[in-house]
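Listed below, chain by chain, are the residues.
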Amino acid sequence: MRKTMDSDNCRVYACVNQKGGVGKSVTSTNLSIGLARHVQKILIADLDSQASQTVSLGWTQPDELSTTIATQLGKLVENKPIDPHEGILHHAEGVDLMPSSIELSGLEMRMVNAMSREIVLRNYLAEIKPDYDAIILDCPPTLGMMTINALAAADRVIVPVQPEYLSVIGMAQLFDTVALVKKQINPGLQIEGVLITLANMRMNLAKNTLAIIREAYGESVRIFRHPIPYSTKVKEASAAGKSIFAYEPNGNAAYAYGKLVKEVERNGRQIGADVRAAKEVELSR
Ligand SMILES: Nc1ncnc2c1ncn2[C@@H]1O[C@H](COP(=O)(O)OP(=O)(O)O)[C@@H](O)[C@H]1O
Ligand SMILES: [Mg+2]
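In this report, we go over the structure that sits alongside the text.

**Focus: the pairing of strand β2 (residues 42-46)**
With five of five residues buried, β2 is to be regarded as a mostly interior element. Burial of β2 is two-sided: the residues I42, I44 and D46 facing one way and the residues L43 and A45 facing the other way are all buried. Across five bridges, β2 lies against strand β5 (residues 134-138) in parallel orientation. Looking at β5, one finds that D46 is bridged to D138. When β2 meets strand β4 (residues 96-98), the two strands line up parallel, connected through three bridges.

**Comments concerning the site of ligand 1**
Around ligand 1 there are 18 residues in total, and G23, K24, S25, V26 and V234 lie nearest to it. Where the shell around ligand 1 is concerned, the elements lending two or more residues are α1 (24-37) and α10 (232-239).

**Here we look at the packing of helix α3 (residues 69-77) against helix α5 (residues 120-128)**
It is at 10 Å that the axes of α3 and α5 come closest, and there the two elements cross at 110 degrees. Put simply, α3 runs roughly perpendicular to α5. Of the residues in α5, those touching α3 at Q72, L73, L76 and V77 are V120, L121, N123 and Y124. Of the residues contributing to the contact of α3 with α5, the split by class is six nonpolar, two polar and no charged.

**Digging into the nonpolar core**
Counting residues in hydrophobic clusters, the biggest one holds 77 residues, and the most contacted among them are L137 and A150. Excluding residues that lie within four positions of it along the chain, L137 makes contacts with V12, Y13, A14, C15, A45, L47, A150, A153 and A154.

**With respect to helix α8 (residues 171-184)**
A rise of 1.5 Å per residue sets the reference length of α8, with its 14 residues, at 20 Å; its end C-alpha atoms lie 20 Å apart and thus fit the reference within 8%. Those residues of α8 not exposed but buried are M171, L174, V178 and V181. The arc enclosing the buried residues of α8, seen along the axis, measures out at 85 degrees, which places them on a common side. For α8, the exposed residues set more than 90 degrees away from the buried face come down to A172, Q173, D176, A179, L180, K183 and Q184. The elements touched by buried residues of α8 are α6 (145-153), β6 (156-161), α7 (165-169) and β7 (190-196).

**So, the sheet that holds β6**
A sheet is described by the order of its strands in space; here seven strands give the open sequence β3-β4-β2-β5-β1-β6-β7, paired in mixed fashion. Because the sheet does not close on itself, it has two edges, and the strands there are β3 (89-90) and β7.

Cut-off values and rules
- Residues numbered from 1 in each chain as written.
- Chains lettered and ligands numbered in written order.
- Predicted model: local features only at pLDDT ≥ 70, side-chain atom pairs only at ≥ 80, totals over all residues.
- Buried ≥ 20, exposed ≤ 12 C-beta atoms within 10 Å, placed from the backbone.
- Helix = DSSP H or I, 4+ residues; strand = E, 2+ residues; numbered from the N terminus.
- Pairing = 2+ DSSP bridges.
- Near = placed C-beta within 6 Å.
- Axes fitted to C-alpha atoms, helices over the stretch in contact; angles between N-to-C directions.
- Parallel < 35°, antiparallel > 145°, perpendicular 65-115°, else oblique.
- Contact = placed C-beta atoms within 7 Å.
- Nonpolar A, V, L, I, M, F, W, Y, C, P; charged D, E, K, R; others polar.
- Core = buried A, V, L, I, M, F, W, Y, C linked by C-beta atoms within 7 Å.
- Expected span 1.5 Å × (residues − 1).
- Arc of directions from axis to C-beta.

Okay, here's the thing in structure tokens:
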């Protein structure tokens, strides 16, 4: 396996929204595979005990997998040695997957009493970061222990949101949580952007949503330029264990996800530079 030598070069993105069904998992899949198509080495970590990411990438019996993210984090909680690469699966479209299973919900409960419980995932990722250009964390629909662990481990947060008033207003709690984790645990954490998903373009809702986001959260929050349209092909692609790029490469959803990949890539070049600059400041203290 190619080593990127320096874990500073690995960007970590958390795909977060405490609301379910907003396209976190679909976005994690298509962003990861889109980046992998640009010859990058990408890992997706499924952090949801529902394991829908694991299932939609084709491992339809996650509870039969011998090693999942729950196994690895469980060993770290108990201070046992791990082989960080154990359990990582390889998808036909060139990405790696650290799968999840229902076991993760039990682990989350055990973590509540663990020491350094917020940085268990960060400690795990530190071991595998040298092997990847980027890691995408597909978060569960809560702001619980796994999402906090994801925010503690991430460089950037991507927030998929449906173009509805209540969904947009619900982001306030998420932004507060991000701010808290940034202050207490992970000073480098930043919001990469808000991604409008499941958009029905004809109704112009996406446009209204932009206005609501601007009004509620100000100009400083980046909103990705291309909303992801509602498309039944997206669902079909998941059922087939494929990305939208493989399933319907010339459709409007593949076009929009392709644009997201480009935007994330462009912004990503800045992240490595930021991390290195922050380290230099720390060293010079
Ligand atoms: N752009 C889209 N068009 C149509 N269906 C979508 C789209 N994005 C997601 N879906 C579907 O909506 C459901 C929820 O998406 P998912 O990514 O699992 O959300 P989350 O991870 O936020 O719970 C899934 O059935 C998925 O296939
Ligand atoms: Mg999901």
